[in-house]
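Next come the chains, spelled out residue by residue.
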Amino acid sequence: MSTTIEPKESRRCPPRRLRSLAVASTAATLALGLVACSGGPASTNAVEGSGGKKSIETTLAFTLSSGFDPGNASSAVATAVNQHIFEGLIDLDPVTREPYRALAKEDPVASADGLSYTVAVRDGAKFSDGTPVTAEDVAWSFTRVLKPADPKAPPLMQGFVSFIDSVTAKDATTAEFKLKYPFALFAERIAVIKVVPKAKTADPAASKAFDTAPIGSGPFKLDSASKESGVKLSTNPNYNGPRPAKVETMTWNTTSEASARVSDLQGGRVQAIESVPYLNVDSLKDKYTVDVKQAFNQVFLMFNSSAAPFSDKRVRQALHYAINKDEVIKTALNGYGTPATSYLDEGNKDYQKAATVYDYNLEKAKSLLQEAGVTNLSFQLDTTDNSVVKDVAPLVIEQWKKIGVTASLNTVPSSAIYGDIVPKDTFRVLMATGDPSVFGVDTDLLMRWFYYGETWPGQRYRWSAADRKAMAELLDKAAQTSDEAARKALWKQALDKVADEVPLYPILHTKVVTAYDPAKLSDFSGAATTGLYFLGSSRKG
């Protein structure tokens, strides 16, 4: 059996037919200098691009806060970059979310019992350093995630592929997958593992170097990157896949300052920006194309669930009930968002409303605090420096005052939040954004990001061992269920559990707004996720 996944020249071209995936699938960093720009304030770390039709310049809304090793990369910038420099056997289009063959020569071929698959690497595929991509590289890319050198520090991608038992090279160009159980979403799911050269990642020291100087088989290669000076990419001359680069270079500026991104676009320094400030949408529409898409992207609250009083779920629930989400969305997002009625956004094809919905209810919030024996609650609210979070957090703090809760605001970059603040015993409450939909949009994947494994449930919000086990069992049972209705029922139990426990849970789902200059950029559209994606895009004008 095999799944037919048609390669696509460009995601903006008329889509070729994609057949059903259901039955068949079960069938050396360079230094960058800062430049001074005229014409108003620009992004704080703008880098100099080559300009003209051979280049694309853009400004992203986040700064680089992780490395690029695709087994563990989690920052918005790194994951967006990785879509351009790495490939999976199958990749998901970052805009349409449809799967297509990337490194795979043909569709994955399943055994009769659905417990094994074979996938061949496309002919002549090479990494950007000129070395060939082999089945051994494919097997290694999965194995290093499934069975890392340090089992106590599993890669972030591990939870997404826990259904895979082993991957081996059947011959020089064919990889064989052995599954623990039939998995209906095999073809799409293997897209989360990007193929890396074994020779560059075979030991911890090599992997550490690779994290800052990655080598992939995608249409672009990374020339330089840093938090201070942004990212520069150029064409991978060895790429022979379905989505060749249409520009020679790309320059990605990065800043969390919304006004700087708008200035970059209006000043002609860039052709596209992400995370357009909601108040600027109307003023940009006359000259620029503004894409508005409902997203999974969420503003969430996360608690140290092992520390009193937040170890009592009634306290966590009270803080959610006390938030007037409609007012927050109207005031902070200018209406560009929706209140969370589930962990999933309402635009998701598998959306199910949670049994517990946190409608604005001050009396309920006060009653829950009283039941928990909590009075005069005071704590530090840590937040990332994301522009949406910076607008939402002060409003939420003001609303909490109505139930006698006082919170002080501490805003720092994501790297400091997850590297320093959250790991400490003093951590209590975090407000941040999260968007695992960059990796896929099925319920299993989205829930595994925040609620499976150790990184988030164990190390970050410190959920109890019993709760972690119960959630893992629900998700694993759903993954092993071939009946779609039964699988959805199990997902509903999982969605209801996190809505009731709220160790980490959304306040709202945002709408993602992207703006670009149609006179200078062709074959581009905004994604319903963080990041900008230029696979198949070109310059004009």
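Before reading on, note that the structure itself is shown above.
Calculation notes
- Residues numbered from 1 in each chain as written.
- Predicted model: local features only at pLDDT ≥ 70, side-chain atom pairs only at ≥ 80, totals over all residues.
- Heavy atoms only, no water.
- Pairing = 2+ DSSP bridges.
- Helix = DSSP H or I, 4+ residues; strand = E, 2+ residues; numbered from the N terminus.
- Axes fitted to C-alpha atoms, helices over the stretch in contact; angles between N-to-C directions.
- Parallel < 35°, antiparallel > 145°, perpendicular 65-115°, else oblique.
- Left-handed = near helix turned anticlockwise from the far one by under 90°.
- Contact = heavy atoms within 4.5 Å.
- Nonpolar A, V, L, I, M, F, W, Y, C, P; charged D, E, K, R; others polar.
- Buried < 20%, exposed > 50% of the residue type's maximum accessible area, 1.4 Å probe, protein only.
- Polar contact = N/O pair within 3.5 Å; in protein donor to acceptor, adjacent residues only side chain to side chain.
- Phe/Tyr/Trp six-rings, centres within 6.5 Å; stacked < 30°, edge-to-face > 60°.
- Salt bridge = Lys/Arg side-chain N within 4 Å of Asp/Glu carboxyl O.

Novice: Whenever I open this one, the sheet that holds strand 6 (residues 164–169) confuses me. Can you help?
Specialist: Strand pairing within a sheet occurs via backbone hydrogen bonds; the two strands may be parallel or antiparallel. Strand order in the open sheet formed by four strands is 4-5-7-6, and the pairing between neighbours is antiparallel. The sheet is open, and its two borders are formed by strand 4 (109–110) and strand 6, each paired with just one other strand. Across five bridges, the pairing between strand 5 (residues 116–120) and strand 7 (residues 174–179) is antiparallel. Across the sheet, the residue bridging to Val119 is Ala175, located in strand 7.

Novice: For this particular structure, what's the right way to read the packing of helix 9 (residues 313–321) against helix 11 (residues 362–371)?
Specialist: Packing of helix 9 against helix 11 leaves a shortest axis separation of 8 Å and a crossing angle of 160 degrees. The pairing of helix 9 with helix 11 is recorded here as roughly antiparallel in orientation. As helix 9 runs across helix 11, the sense of the crossing is left-handed. In this structure, helix 9 contributes Arg314, Val315, Gln317, Ala318 and Tyr321 to the contact, and helix 11 contributes Leu362, Lys364, Ala365, Leu368, Leu369 and Glu371. Of the residues in the contact of helix 9 with helix 11, the class split is seven nonpolar, one polar and three charged.

Novice: Can you help me understand the pairing of strand 5 in this one?
Specialist: Within a regular beta strand, the side chains point alternately toward one face of the sheet and then the other, so they alternate between its two faces. With two bridges joining them, strand 4 and strand 5 adopt antiparallel strand pairing. Residue Ala110 lies in a different strand from strand 5, and its bridge partner there is Tyr117.

Novice: When you look at the side chain of Asp444 in this model, what are you seeing that I'm missing?
Specialist: Relative to the helices and strands, Asp444 is located in helix 14 (residues 443–451). A relative accessible area of 1% places Asp444 in the buried class. At 2.9 Å, the side chain of Asp444 forms a polar contact with the side chain of Arg448. Not counting residues up to four positions away in its chain, the partners in contact with Asp444 are Phe183, Arg189, Leu475, Ala479 and Trp491.

Novice: Would you mind going over the pairing of strand 6 with me for this structure?
Specialist: The pairing of strand 6 with strand 7 spans five bridges and is classified as antiparallel. Across the sheet, residue Ala169 finds its bridge partner in strand 7, namely Ala175. Between strand 6 and strand 7, which follow one another and run antiparallel, lie four residues.

Novice: Just checking my understanding: could you explain the packing of aromatic side chains for this structure?
Specialist: Between two aromatic rings, the relevant description is the distance of the centres plus the angle of the planes. Using the criterion set out here, one finds 29 aromatic pairs in the structure. Their ring planes at 25 degrees and their centres at 5.9 Å tell us that Phe160 and Trp449 sit as a pair that is stacked. Taken together, the residues Phe160 in the loop between helix 3 (135–146) and strand 6 and Trp449 in helix 14 connect sequence positions 289 residues apart. A network of ring pairs unites the aromatic residues Phe296, Phe300, Tyr343, Tyr418, Phe450, Tyr451, Trp456, Tyr461 and Trp463 as a single cluster.

Novice: Honestly, the pattern of salt bridges in this entry has me stumped. Any pointers?
Specialist: Side chains that differ in charge, positive against negative, can pair when their charged atoms come close. Tallied over the entire structure, the rule returns 29 salt bridges. The shortest N-O distance in the salt bridge between Lys366 and Glu363 comes to 4.0 Å. Linking Lys366 with Glu363, this pair stays in helix 11, spanning three residues, or about one helical turn. The class for Lys366 is partly exposed, based on a relative accessible area of 36%. When salt bridges that share partners are traced, they join Arg189, Asp442, Asp444, Arg448 and Asp476 into one network.

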